[in-house]
Amino acid sequence: MRASDIMTRDPVTVPPETPLEAVAALMAERSISGLPVVDGAGALVGLVTDGDLMRRLSAKEDKPASFFAALLGANADQAIAYARAHGRLVRDVMSTDLATVAEDATVEEVAHILETRRIRRVPVVRGDLLVGVVSRADLLRAVMAPVAAGAAEDASDPRIRRELFARMAAESWVSTRFVFPTVKDGMVTFHGFLGQEAAVALRVLAEGVPGVKQVVFDTTPPPAMMLGVP
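Everything numeric in this text was worked out from a predicted model, so none of it was measured.

Draft legend 1. Here's a closer look at the sheet that holds strand β9 (residues 214-218). With respect to topology, three strands assemble into an open sheet ordered β7-β8-β9, the strand pairing being mixed. This sheet does not close on itself; its edge strands, each paired only once, are β7 (179-184) and β9. For this sheet, the mean inter-axis angle between neighbouring strands, taken without regard to orientation, is 25°. Sheet topology places β7 next to strand β8 (residues 187-192); six bridges connect them, and they run antiparallel. Paired with Lys184 across the two strands is Met187, which belongs to β8. In this fold helix α9 (residues 157-169) packs onto β7 and β8, with an angle of close to 160° to the strand it touches most, β7.

Below, the structure is given as structure tokens:
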């Protein structure tokens, strides 16, 4: 799945000359926490968030740099803080050091950027042009879509058991020689002996198989007829 599959197309944007009062009102009215900033040609030039507006207010409480700090270059930071605290337009407070992705970026790449940069949204660009935005909410919907689709798939017990065996065989932390799944009406029962960590992992593995409704564990050795793979 790619960014183009889950992104919000034609997101609400603002130009750099937008007054901050208008941005705050727009965010409150639309219940959104961030807006891409684009120029007249539609090119992405920045991003303004509720955090930028909050920093504008908090910057007014910053103390002036000391004489020695100014000598070491802290006055540059103070100048930036002053502009953020007293600016009246989006261009004065917007973030310009942006992480962006192309339309063909995978959802895994997008998730990695959101996590490592600790941001809530990433603009999607085509060259310099903004074509969409992917938010954490968009990613969550993408994660849940296969789960919802799987519930509607064929939930036959033999198919579930075959897929369970295949998935278990691909993992090094569990052996199908010592742990055996049985399936009845979508309920998976794991027979065998395993530690708590392996039990948690097996539950997660089984719950990822479409059609599985419940997962339980039984340490009683299974009947001989259960040992073969159908």
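Having put the structure on the table, let's press on.
Draft legend 2. Highlighting the pattern of salt bridges. Counting across every chain of the model gives six salt bridges. For Asp50, the salt bridge identified is with Arg120, shortest N-O distance 2.8 Å. Pair noted here: Asp50 is in helix α3 (residues 50-58) and Arg120 is in the loop between α7 (107-117) and β5 (121-126), with a separation of 70 residues, a long-range link. You can call Asp50 partly exposed: its relative accessible area is 26%. Arg126 is paired through a salt bridge with Glu103; the nearest N and O atoms lie 2.8 Å apart. Placement of Arg126 in strand β5 and of Glu103 in the loop between β4 (101-102) and α7 is noted, with a sequence separation of 23 residues between them. Each member of the salt-bridge network shares a partner with another, and the members are Arg159, Glu163 and Arg167.

Draft legend 3. Focus on the environment of Val93. Turning to its location among the elements, Val93 is positioned in helix α6 (residues 90-93). Taking the C-alpha atoms as reference points, Val93 and Thr49, separated by 44 residues in sequence, lie 9.1 Å from one another.

Draft legend 4. Just the environment of Val188, in detail. Turning to its location among the elements, Val188 is positioned in strand β8. Under the relative-accessibility criterion, Val188 is labelled buried at 0%. Separated by 26 residues in the primary sequence, Val188 and Gln214 place their C-alpha atoms 6.1 Å from one another. Apart from residues lying up to four places away in sequence, Val188 is in contact with Ile160, Leu164, Pro181, Thr182, Val183, Val212, Gln214, Val215 and Val216.

What counts, and at which threshold
All chains use their own residue numbering, which begins from 1 and follows the written sequence. Selection of residues for local features in this predicted model requires a pLDDT of at least 70, selection of side-chain atom pairs for listing and counting requires 80 or more, and totals for whole chains, interfaces and linings are taken over all residues. Excluded from the side-chain calculations are hydrogens and water; all other atoms, namely the structure's heavy atoms, are used. When DSSP finds two or more bridges between a pair of strands, those strands are recorded as paired. Here a helix means four or more residues in a row that DSSP labels H or I, a strand means two or more in a row labelled E, and each is numbered from the N terminus. Comment: axis = line fitted to C-alpha atoms, over the contacting stretch for helices; angle = value between 0 and 180 degrees taken between N-to-C directions. The contact rule is simple, with two residues in contact once any of their heavy atoms fall within 4.5 Å. Salt-bridge detection follows one rule: a side-chain nitrogen of Lys or Arg within 4 Å of a carboxyl oxygen of Asp or Glu. Accessibility here uses a 1.4 Å probe with only protein chains present; expressed as a share of the type maximum, an area under 20% marks a residue as buried, one over 50% as exposed, and anything in between as partly exposed.

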